[in-house]
Amino acid sequence: MSEPIIAVERITKQVKDSTGTLTILHEIDFQLPARQSVAIVGASGSGKSTLLSIIAGLDTPTTGRVRLAGADLFDMDEDQRAAVRAEKVGFVFQSFQLLGNLTALENVMLPLELQGRTDARVLATDMLKRVGLGERLRHYPKVLSGGEQQRVALARAFVVQPAVLLADEPTGSLDFATGERVMELMFELNRETGTTLVLVTHDRGIAARCDRQLRIEAGRVDLATAAL
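Residues numbered from 1 in each chain as written. Predicted model: local features only at pLDDT ≥ 70, side-chain atom pairs only at ≥ 80, totals over all residues. Heavy atoms only, no water.

Trainee: Sorry, what's going on with the pairing of strand β8 (residues 196–200) here?
Mentor: Note on strand geometry: in a regular strand, side chains alternate between the two faces of the sheet. When you tally the buried positions in β8, you get five out of five residues, the bulk of the element. Burial along β8 is two-sided: the residues T196, V198 and V200 and L197 and L199 are all buried. Where strand β3 (residues 37–41) meets β8, four bridges bridge the pair, whose relative direction is parallel. Paired with I40 across the bridge in β8 is V200. Sheet topology places strand β7 (residues 164–168) next to β8; five bridges connect them, and they run parallel. Directly across from V164, in β8, lies its bridge partner T196. Between the parallel pair β7 and β8, the chain is carried across by helix α6 (residues 176–193), and the sense of this crossover is right-handed. (Buried < 20%, exposed > 50% of the residue type's maximum accessible area, 1.4 Å probe, protein only. Helix = DSSP H or I, 4+ residues; strand = E, 2+ residues; numbered from the N terminus. Pairing = 2+ DSSP bridges. Right-handed = clockwise from strand over helix to strand, strands pointing away.)

Written out as structure tokens, the structure is:
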């Protein structure tokens, strides 16, 4: 049996506030195989986004570990985790997180340039054409619609052909029709590239389209979904 692309092992996340210690995640434990699409679902405040950040190595758990493509993220320093993210992980977030001083093309070229790719412009141009923005290469984010900005974010995430794509409510700030088009594109790219897709979503329709759903309730994984 091949090694899972993501292995989350007894992850607990606690924070302290004026009332004491708050447990956000409690001994989360599951594995995801490569190429799978997975929806992390649950009520607001259940810990979904915190779990996604820990999977990415952007947040540190109180206890437990995460293996991403065989790398133990929390046995590394931040520079080493950043290197793994740059090589293995793509991100798509509700807020798009595009750089306003860069054009659509420059935003998509950036992760390739950080890898030292000399063909960054060609690859970024091709990917933007792939998401239907071939006529918008030189436009800045401020003149793009929300759906167009999210498609730039998708192009930026997929252009490096990551092993894992993490998406936190990727359609949360889009209207229904635009959100549907963005999600169809995301699943299409997932199928074509073999990237493992991990989505945090409140949308039951989106979750139902994934290969698997992982339900978080009060900081714990529903064991029935974890065992799938």
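Trainee: Help me understand the side chain of S46, please; the structure alone is not making it clear to me.
Mentor: Relative to the helices and strands, S46 resides in the loop between β3 and α1 (48–55). Assessed through its relative accessible area of 4%, S46 is described here as buried. Among all residues touching S46, those that are not within four sequence positions of it are I24, L25, I216, A218 and G219. (Contact = heavy atoms within 4.5 Å.)

Trainee: Which parts of the structure should I look at to understand the sheet that holds strand β5 (residues 71–72)?
Mentor: Hydrogen bonds between backbone atoms are what pair the strands of a sheet, whose relative direction is either parallel or antiparallel. Pairing is antiparallel across the open sheet formed by four strands, whose spatial order is β2-β1-β4-β5. Bordering the open sheet on either side are β2 (20–32) and β5, each of which pairs with just one other strand. As judged from the nine bridges shared by strand β1 (residues 6–17) and β2, these two strands associate in the antiparallel manner. If you follow V15 over to β2, its bridge partner there is L22.

Trainee: Could you clarify how one ought to interpret the sheet that holds β8 in this entry?
Mentor: Pairing in this open sheet of six strands is mixed, and the strands run β6-β7-β8-β3-β9-β10 from one edge to the other. At either end of the open sheet lies a strand with only one pairing partner, and these are β6 (89–93) and β10 (220–221). The strands touched by α1 within the sheet are β3, β7, β8 and β9 (212–217), with β7 carrying the most contacts at an inclination of about 155 degrees. Sheet strands touched by helix α2 (residues 78–88): β6 and β7. Its angle to β6, the strand with the most contacts, is close to 80 degrees. (Axes fitted to C-alpha atoms, helices over the stretch in contact; angles between N-to-C directions.)

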